[in-house]
Amino acid sequence: MRKRLTSTGVCLPYETLNLLDAWANKKGTSRSEAIRRAVEAGISLLDAGVNLNLLRLVTITEHTQLALSLMTQKAYPDLSDKLLRDALQNVKDFHSPQP
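Each chain carries its own residue numbering, running from 1 in the direction its sequence is written. Residues qualify for local features only when their pLDDT is at least 70, as the model is predicted, and side-chain atom pairs are given and counted only at 80 or more; totals for whole chains, interfaces and linings, by contrast, use all residues. As a convention, hydrogens and water are excluded, and side-chain values are obtained from all of the structure's heavy atoms.

### Some thoughts on the side chain of Thr72
Here comes step 1: Inspection of the secondary structure assignment puts Thr72 in helix α3 (residues 54-75).
Here comes step 2: Those residues in contact with Thr72, other than ones at most four positions away along the chain, are Pro77, Ser80 and Leu83. Secondary structure is summarised from DSSP: a helix means a run of H or I of at least four residues, a strand means a run of E of at least two, and numbering begins at the N terminus for each. Note on contacts: a residue pair is in contact if any heavy atoms of the two residues lie within 4.5 Å.

Okay, structure coming up:
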């Protein structure tokens, strides 16, 4: 069943609109859908009171991943490739865009 949508006007900086258009083109979707997806993603963070610092988040994530990979390769060298394959499958299963 299709969601009922209501039209509303919003003023955005050109840079933001260009980013939304680029994302929409990359995903093969409309500008409206790109805006809806961005708002839906952001509203959850706002509602939770989260002030997200993406650089810090990515740095922590990468550091943690590198440390965990190193420990896994040393402790379980025969399982490290399987763990990576399973992690990539989990990304597809749990973090892919919803239809």
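What follows continues from the structure just given.
### Re the pattern of salt bridges
One side chain can pair with another of opposite charge once the charged atoms of both are near each other.
Here comes step 1: Here, a salt bridge means any side-chain nitrogen of Lys or Arg that lies within 4 Å of a carboxyl oxygen of Asp or Glu. The tally for this structure, following the rule as stated, stands at three salt bridges.
Here comes step 2: For Arg31, the salt bridge is made with Asp21, and the minimal N-O distance between the two is 2.7 Å. With a gap of ten residues between them, Arg31 in helix α2 (residues 31-47) and Asp21 in helix α1 (residues 14-27) connect regions that are remote in the sequence.
Here comes step 3: Asp86 is the partner of Lys82 in a salt bridge, and the nearest nitrogen-oxygen pair spans 2.6 Å. Here Asp86 and Lys82 lie together in helix α4 (residues 80-95), a separation of four residues that amounts to about one turn.
Here comes step 4: Asp86 gets classed as partly exposed once you look at its relative accessible area, which sits at 33%. The buried label goes to any residue with under 20% of its type's maximum accessible area, the exposed label to any with over 50%, and the partly exposed label to all in between, with areas taken from a 1.4 Å probe on protein chains only.

### Quick look at the packing of α1 against α2
Here comes step 1: In this analysis, axes come from line fits to C-alpha atoms, helices being fitted only over the stretch in contact, and the angle between any two N-to-C directions falls in the range 0 to 180 degrees. At a closest axis distance of 8 Å, the pairing of α1 and α2 adopts a crossing angle of 105°. On the basis of their axis angle, the class for α1 and α2 is roughly perpendicular. Across the interface between the two elements, Leu17, Leu20, Asp21, Trp23 and Ala24 of α1 pack against Arg31, Ala34, Ile35, Arg37 and Ala38 of α2.
Here comes step 2: Put simply, Ala, Val, Leu, Ile, Met, Phe, Trp, Tyr, Cys and Pro go in the nonpolar bin, Asp, Glu, Lys and Arg in the charged bin, and everything else, Gly too, in the polar bin. Class assignment for the residues of the contact of α1 with α2 results in seven nonpolar, no polar and three charged. Note that the term roughly parallel is reserved for angles under 35 degrees, roughly antiparallel for angles over 145, roughly perpendicular for angles of 65 to 115, and oblique for everything else.

### Looking at α3
Here comes step 1: Relative to the 32 Å expected for 22 residues at 1.5 Å per residue, α3 spans 31 Å between its end C-alpha atoms, a close match to the ideal helical length.
Here comes step 2: Think of a polar contact as two N or O atoms within 3.5 Å of one another; within protein, one of them needs to be a possible hydrogen donor and the other a possible acceptor, and neighboring residues in sequence only count if both atoms come from side chains. Its side-chain oxygen placed 3.2 Å from the backbone nitrogen of Leu55, Asn53 serves as the N-cap of α3. Take the residue count of a helix, subtract one, and multiply by 1.5 Å to get its expected span.

### Some words on the confidence of the model for the protein chain
Here comes step 1: Summary statistics for the protein chain give a mean pLDDT of 89 and a share of 95% for residues scoring 70 or more.
Here comes step 2: Considering each helix and strand of the protein chain separately, the mean pLDDT is smallest for α4, with a value of 88, and largest for α1, with 95. Per residue, pLDDT measures the predictor's confidence, with a range of 0 to 100.

### Description of the environment of Gln73
Here comes step 1: Note on placement: Gln73 falls in helix α3.
Here comes step 2: Distance from Gln73 to Thr61, taken between C-alpha atoms, is 18 Å for residues twelve residues apart in sequence.

### Concerning a nonpolar patch on the surface
Here comes step 1: The patches reported here contain residues having more than 30% relative accessible area and no salt bridge. Joining distances are 9 Å for like charges and 5 Å for nonpolar side chains (Val, Leu, Ile, Met, Phe, Trp, Tyr). For the accessible areas, the method is Shrake-Rupley and the probe is 1.4 Å, while residue cover comes only from the protein chains on display. Where nonpolar side chains cluster on the molecular surface, the patch consists of Leu45, Val50, Leu52, Leu54 and Leu57 and spans about 400 Å² of accessible area.
Here comes step 2: Structurally, Leu45 can be placed in helix α2.
Here comes step 3: Owing to a relative accessible area of 32%, Leu45 belongs among the partly exposed residues under this scheme.

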